[in-house]
Amino acid sequence: MTKEICLHVLYCTTEGNEETMPEKQPKCSSRLGTHARGHKGLNILAFSSCVILSFATRFYKLDTPDHVCWDETHFGKMGSYYINRTFFFDVHPPLGKMLIGLAGHLSGYDGAFTFESPGTKYEDVNYLGMRILCATLGVLIVPLVYLIVLEWSFSVTAASLASLFVLFDTGTLTLSQYILLDPILMFFIIASVYALVKFQSHHARPFQFLWWFWMTMTGLFLACAISIKWVGLFVILFVGAQTAWDLWGLLADLALSKVTLLKHFLARCLCLIIFPAGLYISFFAVHLHILNQSGPGDGFFSSGFQSKLVGNNLHNVSMPEKVAYGSVITLKNHRAAGGLLHSHPLLYPEGYGAEQQQVTAYVYKDENNLWLLKKYVEEDLPVEDEIQPVELVKNGDLVYLEHVATRRNLHSHNEKAPLSVNHQQVTCYGENGTGDFNDVWQVQIPGAAAGATVSVVKTKLKLIHYLTGCVLFSHSKNLPAWGSEQLEVTCNPYSRDQRALWNVEDHYNHHLPNISFEVFRSSFIESLLESHVVMAQGNSDLKPKEGEITSKPWQWPINYRGQRFSGYNNTEERIYLLGNPVLWWGNLFFLVLFPPVIFIWLVCKERGLQGNSAITELNQKVFSSCSWLLLGWALHYLPFYLMSRVLYFHHYFPAFLFSCMLSGIFINHLLQLLDHYLLPSRQGAFRQSGLIVICAIVIQSFYKFHPFSYGMVGPLADEVNSTHRGLKWLDSWEI
Amino acid sequence: MLLVYVVCNEFVLRTLNEMACDHISDNGEANKKMKQTANRTEPIFVVNCSLDLLLVAITLIAFVTRLWRLEDPRGVVFDEIHFGRFAGLYLQGVFFFDVHPPLGRLLITLMGYLSGFDGNFDFSIIGTEYPCSFPIWHLRLIPAVCGSLLCPLAYLILSELGFHQYSACLAAFLVLTDNALLTQSRFILIDSMLLLSLLAMIYSLLKFLKYFKRPFSLYGSAWATVLSLSITASLSVKYSGLFSVLLVSLVLLFYSWRMIIDKTIPLIQVAVRLLGYALFFVVLPVVLYCLIFWLHLSLLWKSGTHDEMMSSSFQATLEGGLARITEGQPRRIAYSSQITLRHTHGTPCWLHSHSDPYPVRYSDNRGSSAQQQVTCYSYKDINNWWIVVEQDADSIDLNSPPKPVKDGDIIKLIHGVTGRSLNSHDVAAPMSPQCMEVSCYVDYNISFPAQPLWRVELLNGAKTNQTWQAMSSHIRLIHVTTNQALKFTGNQLPDWGFYQYEVATDRIHQQEATVWNVEEHRLSAAATSQDHQLPPDIWSPGNLGFWEKFLEVQMKMLWANSDVNQEHQYSSSALEWPTMNRGVAYWISPDSNAQIHFLGNPVTWVSGLVAAVLFFLMFVTLAVRWRRQCQDLTPDEWTRLILSAVLLVGGWVFNLVPYMLMERTLFLHHYLPGLLHLLILLPVTVEMMYRYVLFRSSIQRNVMTAVLLVWLTSVFLAFVRLLPLSYGHTSLTEEDIKSLQWRESWGFIYREEFK
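Being a predicted model, the structure only gives us computed values, none of them experimental.

A.B. asks: Now, about the overall build of chain B: what can you tell me, with residues and values included?
C.D. replies: Counting its secondary structure elements, chain B contains 22 helices and 14 strands. The buried share of chain B, taken over its 755 residues, is 54%. Once local pairs closer than 6 in sequence are excluded, the contacts in chain B between residues at least 24 apart make up 75%. Roughly 33600 Å² of accessible area belongs to chain B as shown, and the carbon and sulfur atoms make up 63% of that amount.

Encoded structure:
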C-alpha cells in the first residue's frame, strides 16, 4: 500500500510534464509503450499493486460469516437448482445463476443444501467455491477500472486514483464477497466498457484482427451483462451511444467510400447486435436444457411449457383432445404465472360478500382444482335418455361447472368481491350438483366461429356469467390468511381484460380417445417468449413487502441508508452493506462540480478566451472522456427513478463505478490545472501534495470503516459502550 | 374580428419594431444604414392591413362546427359531472379538492358567473337533464371557442415554420375534421383549453425565435410575454402541459446557449438577456401560477365535503365545519388537557379506544395481549378523547395548574371514557406483525407491567417556541421503553375491531404515518376556573397564511395524481392510443340510441403514424446526406426543418411516452395533446415528399397529388360518417351502430328497448 503511494509521489512530476504535451501519435494499441515509455515501470508497478491489493481485500475473511447472508438465500438456492436440474422461476435472466451453479459444481458442492433463510449455518457445506467465483470477478473490477481510465486519460495517476477509489470502497468490497449476482454483473459491465475502450483504440486500423477481436469481445461482455440482470441494458445503451457517435464521425470523412461506410455499419451490427442477441438466446437455451426436472417454478408457466419437465404431471401424459360434457377438467388462467381455478370447503368470512364456499386460483396442483363440465338444460325440456352420444362443448354453449370434491357449482352473484370491490364475488353454491340459475356460464372463444370446439391447452376461452354478463377473472392479488393466501378469483364486469382468458389443462373423459400431450409441447421460441413475459411480470409485481424499508433512488448517491447483510444483535457478527462515506461524498462532490466546470470551459472555448494551446488540447481530451463517464453514470442511475418496482441500495453500484472513474480523471486534471496556472514555475507541487493527501484520506477512511465489510462484533452502535459508535455518522445507518 | 385584429396587430407591431431597431446602435455598416434610410422614407404612421381570407374562412368553419347546437344534448355529458360541479362550488364558495390546477375551472366559472348561474345544480349522474334555466350554452362556450381556435393556430404555426400555404391549410383541415378534437371541444371540459395553450406556446415560441437576433425589440418582448402567458396557461390548466413546457424550455435553453457562445454578442448583453429570459420564462409564470391559486383559495371559503382531506389547521380556515367546533379553544397543550389526536397525513382518522379487548388468538394463531383495543377511527366520537398526564402522576389531577407540554417531555395519555392509559409492549400488532401492538393497559395481575410513557417530539417546534400547540404542532409520540413511534399502519382491523384502522408502533420514526396533531382541545374545567390560568392564549382560526395553504394543496395534488388507479370500462393503455383501439362512451340519450362516443378520425390517426415514420426516414436520410456534404437544403431550411422536428415530433413523443410509464387509469382523451402535434406534422411530411423526394419528375408529383386527393376525400368521409357519434343528435338503429363499429374493440352502447 505505502509502496504504491511513494511511487506515485516519486513519479508524478515527470509524468505531469509529459502529459501536458499535445499528443500527436495516432491512437494504437502500442501507444502506451511509445507514449509513456518512461513510465512503463511505474505503470506495471501501479497496476500489479492494484491487482494484489484488490485480491487481498476481497479474499480476506471470505469464509466468514459461515452462514447464509442476505440474498445468498436466493442465489445460492438457485445455484443448487442448476446442480439438481430442478426447474425454478426467477425474475432475472439465467447466466449469473448458471455461473454460480457451475462454480458450486466445480468446487464439489452437491446442491443438497437448502439455503433456507439468512442466518442458516453452512456447517460442512462447501459454499466457498461459489463465493470465490463472485470474489474473483469482484477482484477483476479494480484492475479493469485502472485499464479503462488509463486508456481514456493516458495518465497513470488518474488510473491509480480511480482504481484506488473502487478498491477502498467498503460497499463494493462487501458486495463482492457473497454469492450474489451483483459482482458478476458489475464485472461484465466494466468488462464491456473496457473492451469498448480497447476497440476504440484500434480506431485507426479498421478491419484488422485486433479491431474485430475487441469489438467481438464488447459484444460478448454486453450479452453476458444483460443475461445476468436486465439492468445490463443500460451499458448496452452506453455502448450504443458511443457507437452511434463513432459512426457519425466516420460519416463526415469523405475519404471513406460508401462501401467502406456500409462495411463499418454492418460490422457493428454483426458484432454488437446480432452476435450478442444470439448469445443471449443461447444462454436461455442452455438454461432450459439444464433445468428439465419439475420443480417449484412449474406453476408460473403454461401447460405446454410444463409438459417438457420431467416429473410434472403433464409430462408424457395422454388425454382426450376435445372437451365434451361429462369431462373432468382443470382450468388455468391464461396469463403469465396464472393459477388453476380452485375451490375448497372453506367459506368466505363475514364481511366479504355472501358466506359461501371460496373460489380461488391456486398455482400448485391439487385435487381441489378439478371441475366437472355439465350441460345447461332448460328444465321444461324432457330429460333425455341416459345413454347419449358424447357431445362436444362448443363456442357459445351454456354450461355448469361442478366442483368435483364438494359437488357444488361455480356461482356468481351481485355481491362485492373480497379485494377488487368493483368486481362480483365468485363462490361455489348448491348441493350435490344442483344450484340455481346464477350457476350458468357461457363459454366464449374469442376470435372463433360459432360452434367451434374447445381443445385442451390450445383454446383460450372466456366464461361469461350468463345472468350478469361479467367474466370469470383472476389476477395476481393474494387473498389474506382466511383464503390461504391463494389468488383472488372474481367476476369482472369489464370483459376486455386479457386476464379473463382460461385454458383447459388436465382433462379426463373415458368416453373419448386419448392423444399424447406431446403435440402441445412449447417449442423453444415459445418457451423463450413465455419466460420473458413471466419475468417481466414478475419484475413489475415486485412490490415492497409489508413493513419492509424501501429505498429511494435519491438516497443512494448520498449513502443515506445501507443494507443489512447479516447479524441483528450484539452477539452476532454484523455485516452492513454501506459505501465508504468519504469516497461516496467525495465522488458526489466531483460529480456535482463537473457540469459547471465543463460549462465554463465550453463557454471560454467557444468565445476564444483560452490561451495555451497545449492546455486546450488536454482539456478537450479530459472533458470529452469525463462527459462520456458522466453519461455512463446517468444511464446507470437515472432510469431507476422511472421504475415502479421495489428498489434496493445495491442497484446504485454500477453507477458508482462510473463516478469513481470520473472522479479519478477529474481530480488529476484539476490538480494539473492548478499547477499550471498557480505555480507554473514549480511544476507538480500541487499535484504531489494533493495526491498524498487524497491517498492518505482514502486509506484512513477505509481503515476506519472496514468493520462494515469484515464484521462488527459487540454492542450496537447506538449503545454507549460500543466500539463502533464513531462509525455512525448518519442517524439512518442501522449498524 | 379576432383574426383581423391579429393580422393588423402584426403589421403595426412590425412597423413599430422596425422603428425600434433604429435605436440599436449600429457601428457603421453602410449598407445597413442605407436600408434603414430606405425604410424611413416610408411613412411611419400608416397601418398596412392585409387579410388572409383563407384563414378567416378556416376560423369561421371551425366556429360553426364547434358551436353548432352547443346546448345539445341537454344532459350531463361524461366529465361535465366534475367540471360542472366544480363551477357550481366556486360560485357557492364551497371548498373542494381536485387534482387539476384551477385555471380551466376558473374560466368556466367566470362564464357561469356572467350568465347568472347560482351554482345550484346536482351533478351526480351522467345523463341528468339540465333544467331550462341552466346556462349550459354559456358554460360550454369557452371550451368550444378554445377548440375552434386550434384550426387557425395550426394554420399559423405551419406558415410561421415557412411551409407552403397548402400545407398550412391541410393542417387546419385535419384539425377541423378530427372527431376527437370536435367532441372534446363541445362540453364543459378543460382539455381544449390545454390544447389551445400548447399550440399558442409553439406559435409564440416561433415568433419569439424569429426576433431572437434583434434583442430588446418591442416585437420580441411582446411575443416573449405571450409565450410566458401560454406557458403559465399550459401549467395551470392541467399538469400534463408540463411535458410540452419541458420541450419548449429545451429549445429556449438551446438558443440561449447559442447566444452565450456567440462571439459577436458582448458578455454584458448576454447577461442582461439571460436575466430577461429568466424574468419572462421563470419568474413571471411562477408569479402568475401562484396568483391563480390565490384566486382559487380566496374564492373557496366555506367548508365542504372535501374538508377531511386537508390538515386540521387548513380546515379551520374554512367557515363552518371544524372552525366552528374549535373556535375559542386554548392553544397550548398543558398537563390535564383533554385532546383528540388526528393522524395528520393521508386518511383522516383519530386515535381511538373502546372497552373491547384484542382477541386472545388471531385467525393465524398468533396470540395478543388481550388488552383494550386502540384504533384509528374515521369519525368524530366521544371515544376519541384523551387526557395528557404527567409521567409521574398516579391519577389525573384536574386541579393542578396547567403546565404547558414542551418538546421532548415524557407524558402519559389517559383514555377519557375508560380511564386507561395508552400502552405499548413487545407483542406483534394484529395486522402488521413487524410492528408492536398498542393497547390501553388493563392490569390483569399477571406480571405484565404497564409501559405507558410516551415522549412528545415536535416536528415543527421552532415556530411554536418548542411548546405543543393544538392544530399547528405536528408531533410524533415515541414509546419510551421500546423507542418505537406511534403509527397509523393503514390496515383495517377485521370484525372484532369494527373495521377501524390499526394503530401500532414502528421502529422507523421517520415516516409520514407516524405524524399526529391535536385537533380538538379543552382544558379541564377546574384549571380554567381558577386564577392560575395561562395568559389568555386562544387559538384563532385563519392564522394559516396563503403560502402554507398553497403548499398543502399543491403537495396533496401531486400525491393524489399518482393515486388515481381504478379499473374503468372505457379506460385504455397508452399503447392502444395511436391506433385508436378504444373510445370512451360520453353520453347516451335517455329515450333513443343517440349517443356521444369519444373517437377520433381513424383515417387521420393512422395516416399520422405513417407520416411520423416517413418523416423520420426522410430526416435521417437528409441528415446523412448533409454529413456527406450533399447540399440539399439551405442553412435556413435546415433551421426550420429541425425546429419542426423538435417541436412536432418532440411534442408527439413527449406527450405520449410518459403515459406509457404511468400506472394510473388512462383514457383516450389523454392522447389529444400528442395527436395534435402529429396532425400538424402530417402536412410537413407531405410537403417534404414533394420538395425532397419527388422533385425530379412531374409525373410522380401528379400521382402523389391524385393520391392525396383520394386520401383527403376519405378523411372527410370518415369524419362525416362518425359525426352522429360526435354530436349525438341522431338516434341510431341497430344497423347504424353495427355499420359504425369498424373495430371490434369499440364499445358503442346499444339498448334493445329503443329499436
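A.B. asks: Describe the state of the cysteines, naming the residues involved and giving the relevant values.
C.D. replies: Residues and elements named next belong to chain A. Going through the model one piece at a time under the given rule, you end up with two disulfides over all chains. Paired by a disulfide, Cys470 and Cys491 hold their sulfur atoms 2.0 Å apart. When the S-S torsion is 95°, as for the bridge of Cys470 with Cys491, the disulfide is right-handed. Taken together, the positions of Cys470 in the loop between strand 10 (462-465) and strand 11 (471-478) and Cys491 in strand 12 (residues 487-492) put the pair 21 residues apart, joining distant regions of the chain.

A.B. asks: Could you give me a rundown of a nonpolar patch on the surface, with the residues and numbers involved?
C.D. replies: A cluster of nonpolar side chains, contributed by Trp554(A), Ile558(A), Trp585(A), Leu638(A), Tyr641(A), Leu642(A), Trp729(A), Leu575(B), Val653(B), Val657(B), Met660(B) and Leu661(B), occupies part of the molecular surface with about 1100 Å² of accessible area. Ranked by residues supplied to the nonpolar patch, first place goes to helix 19 (residues 657-661) of chain B with three residues. For Trp729(A), a relative accessible area of 38% puts it in the partly exposed group.

A.B. asks: I'd like a rundown of the environment of Ala334(B), residues and numbers included.
C.D. replies: Residues and elements named next belong to chain B. The residue Ala334 is located in the loop between helix 14 (322-326) and strand 1 (338-343) in this model. With a relative accessible area of 0%, Ala334 lands in the buried category. Sequence-distant contacts of Ala334, defined by excluding residues within four places in its chain, comprise Val388, Pro402, Lys403, Pro404, Val405 and Leu523.

A.B. asks: Break down the environment of His100(B) for me, citing the residues and quoting the values.
C.D. replies: Residue and element names in this part refer to chain B. Positionally, His100 belongs in the loop between helix 4 (80-92) and helix 5 (103-114). Owing to a relative accessible area of 18%, His100 belongs among the buried residues under this scheme. The spatial distance from the C-alpha of His100 to the C-alpha of Ala334 is 41 Å, given a sequence separation of 234 residues. If we ignore the near neighbours within four places in the chain, the residues touching His100 are Phe83, Arg105, Ile190, Val237, Lys238 and Met557.

A.B. asks: Any chance you could break down the pairing of strand 12 of chain A for me, citing the residues and the numbers?
C.D. replies: Residues and elements named next belong to chain A. Judged by how many residues are buried, strand 12 sits mostly within the fold: six of six residues are covered. In this sheet, strand 12 lies alongside strand 11 in antiparallel orientation, the contact comprising five bridges. Note on strand 12: the bridge partner recorded for Phe473 is Thr490.

A.B. asks: Report on unusual backbone geometry, specifying residues and quantitative values.
C.D. replies: Look at the link from Asp72(B) to Pro73(B): it is a cis peptide, with omega at -10°. Residue placement: Pro73(B) occurs in the loop between helix 3 (53-67) and helix 4. The backbone of Asn559(A) shows a phi angle near 60°, a positive value even though the residue is not glycine. Looking at where Asn559(A) falls in the secondary structure, it is placed in the loop between helix 14 (524-540) and strand 15 (563-566). In this structure Asn559(A) comes out as buried when scored by relative accessible area, which is 0%. If you check the backbone angles, Arg69(B) has positive phi at about 50° while not being a glycine. Tracing the chain through its elements places Arg69(B) in the loop between helix 3 and helix 4.

A.B. asks: Please give an account of the packing of helix 17 (residues 602-627) of chain B against helix 20 (residues 672-693) of chain B that cites residues and values.
C.D. replies: How two helices pack is summed up by the angle between their axes together with the distance between the axes. Residues and elements named next belong to chain B. Axis separation between helix 17 and helix 20 bottoms out at 8 Å; the angle between their running directions is 50°. It follows from the interaxial angle that helix 17 and helix 20 lie oblique. Relative to helix 20, helix 17 is oriented so that their crossing is left-handed. Of helix 20, the residues touching helix 17 (which contributes Thr604, Trp605, Ser607, Gly608, Leu609, Ala611, Ala612, Leu614, Phe615, Met618 and Leu622) are Leu675, Leu678, Leu679, Leu681, Leu682, Val684, Thr685, Met688, Met689, Tyr692 and Val693. Among the residues making up the contact of helix 17 with helix 20, the classes are represented as 18 nonpolar, four polar and no charged.

A.B. asks: Please provide a residue-by-residue account of the confidence of the model for chain B, values included.
C.D. replies: Detailed reading of predicted coordinates is not advised where the pLDDT is low. All names here are of chain B. Per-chain confidence: chain B averages 85 in pLDDT, with 89% of residues scoring 70 or above. Helix 1 (residues 2-23) is the least confidently modelled element of chain B, averaging 44 in pLDDT, while helix 9 (residues 191-210) averages 95, the highest of any element. Overall fold confidence (pTM) sits at 0.84, and the ipTM for the predicted complex is 0.81.

A.B. asks: So what's going on with the side chain of Asn580(A)? Residues and values would help.
C.D. replies: Structurally, the position occupied by Asn580(A) is in the loop between strand 16 (575-577) and helix 15 (581-606). Contact partners of Asn580(A), with chain neighbours within four places excluded, come to Phe168(A), Asp169(A), Thr170(A), Gly171(A), Asn559(A), Val698(A), Ser701(A), Phe702(A) and Phe705(A).

A.B. asks: Talk me through the pattern of salt bridges; I want residue IDs and the actual numbers.
C.D. replies: Summed over the entire model, instances satisfying the criterion amount to 27 salt bridges over all chains. Between Asp191(B) and Lys238(B) there is a salt bridge whose closest N-O contact spans 2.9 Å. With Asp191(B) in helix 9 and Lys238(B) in the loop between helix 10 (218-237) and helix 11 (242-260), this residue pair connects regions lying 47 residues apart in the sequence. By relative accessible area, Asp191(B) is classed as buried at 7%. Taking the shortest distance from any N to any O, the salt bridge between Arg640(B) and Asp636(B) comes out at 3.7 Å. You can see Arg640(B) and its partner Asp636(B) sitting in helix 18 (residues 635-654), four residues apart, about one turn around the helix. Through salt bridges with shared partners, a single ionic network connects Lys374(A), Glu402(A) and Arg407(A).

A.B. asks: How would you summarise the interface of chain B and chain A if you had to cite specific residues and measurements?
C.D. replies: Between chain B and chain A, the residue contacts involve 32 residues of the former and 32 residues of the latter. Carbon and sulfur atoms supply 53% of the area that chain B and chain A bury against each other, a total of about 2600 Å² over both sides. The interface formed by chain B and chain A includes zero salt bridges. Connecting chain B to chain A are seven residue pairs in polar contact (both at pLDDT 80 or more).

A.B. asks: For the nonpolar core, give the residues involved together with the corresponding values.
C.D. replies: In this structure, Phe208(B), Leu227(B) and Tyr586(B) are the most contacted members of the largest nonpolar core, which totals 165 residues. The dominant element in this core, judged by the number of residues it contributes, is helix 6 (residues 136-160) of chain B, at 15 residues. In this structure, Val145(A), Phe168(A), Tyr280(A) and Met661(A) belong to the second largest nonpolar core, which totals 140 residues.

A.B. asks: Break down the packing of aromatic side chains for me, with residues and values.
C.D. replies: Here a ring pair, both rings aromatic, is described through the centre-centre distance and the interplanar angle of the planes. Per the stated rule, a full pass over the model turns up 103 aromatic pairs over all chains. Considering the side-chain rings of Phe208(B) and Phe281(B), the 5.4 Å spacing of their centres and the 75° angle between planes classify their relative orientation as edge-to-face. Taken as a pair, Phe208(B) in helix 9 and Phe281(B) in helix 12 (residues 267-299) lie far apart in primary sequence, 73 residues in all. Across the pair, exposure class does not vary: Phe208(B) and Phe281(B) are buried alike. Directly above the aromatic system of Phe207(A) lies the positively charged group of Lys263(A), at a separation of 5.0 Å from the ring centroid. Between the NZ or CZ atom of Arg522(B) and the centre of the ring of Trp385(B), over which it lies, the distance is 4.2 Å.

Parameters and conventions
Residues numbered from 1 in each chain as written. Chains lettered and ligands numbered in written order. Predicted model: local features only at pLDDT ≥ 70, side-chain atom pairs only at ≥ 80, totals over all residues. Heavy atoms only, no water. Helix = DSSP H or I, 4+ residues; strand = E, 2+ residues; numbered from the N terminus. Buried < 20%, exposed > 50% of the residue type's maximum accessible area, 1.4 Å probe, protein only. Contact = heavy atoms within 4.5 Å. Areas by Shrake-Rupley, 256 points an atom, 1.4 Å probe, with all protein chains shown as cover. Disulfide = S-S within 2.5 Å. Patch = residues over 30% accessible without salt bridge, like charges linked within 9 Å, V, L, I, M, F, W, Y side chains within 5 Å. Salt bridge = Lys/Arg side-chain N within 4 Å of Asp/Glu carboxyl O. Pairing = 2+ DSSP bridges. Axes fitted to C-alpha atoms, helices over the stretch in contact; angles between N-to-C directions. Parallel < 35°, antiparallel > 145°, perpendicular 65-115°, else oblique. Left-handed = near helix turned anticlockwise from the far one by under 90°. Nonpolar A, V, L, I, M, F, W, Y, C, P; charged D, E, K, R; others polar. pLDDT = per-residue confidence, 0-100. Buried area = accessible area lost by both parts, 1.4 Å probe. Polar contact = N/O pair within 3.5 Å; in protein donor to acceptor, adjacent residues only side chain to side chain. Core = buried A, V, L, I, M, F, W, Y, C linked by side-chain atoms within 4.5 Å. Phe/Tyr/Trp six-rings, centres within 6.5 Å; stacked < 30°, edge-to-face > 60°. Lys NZ or Arg CZ within 6 Å of the ring centre and 35° of its normal.

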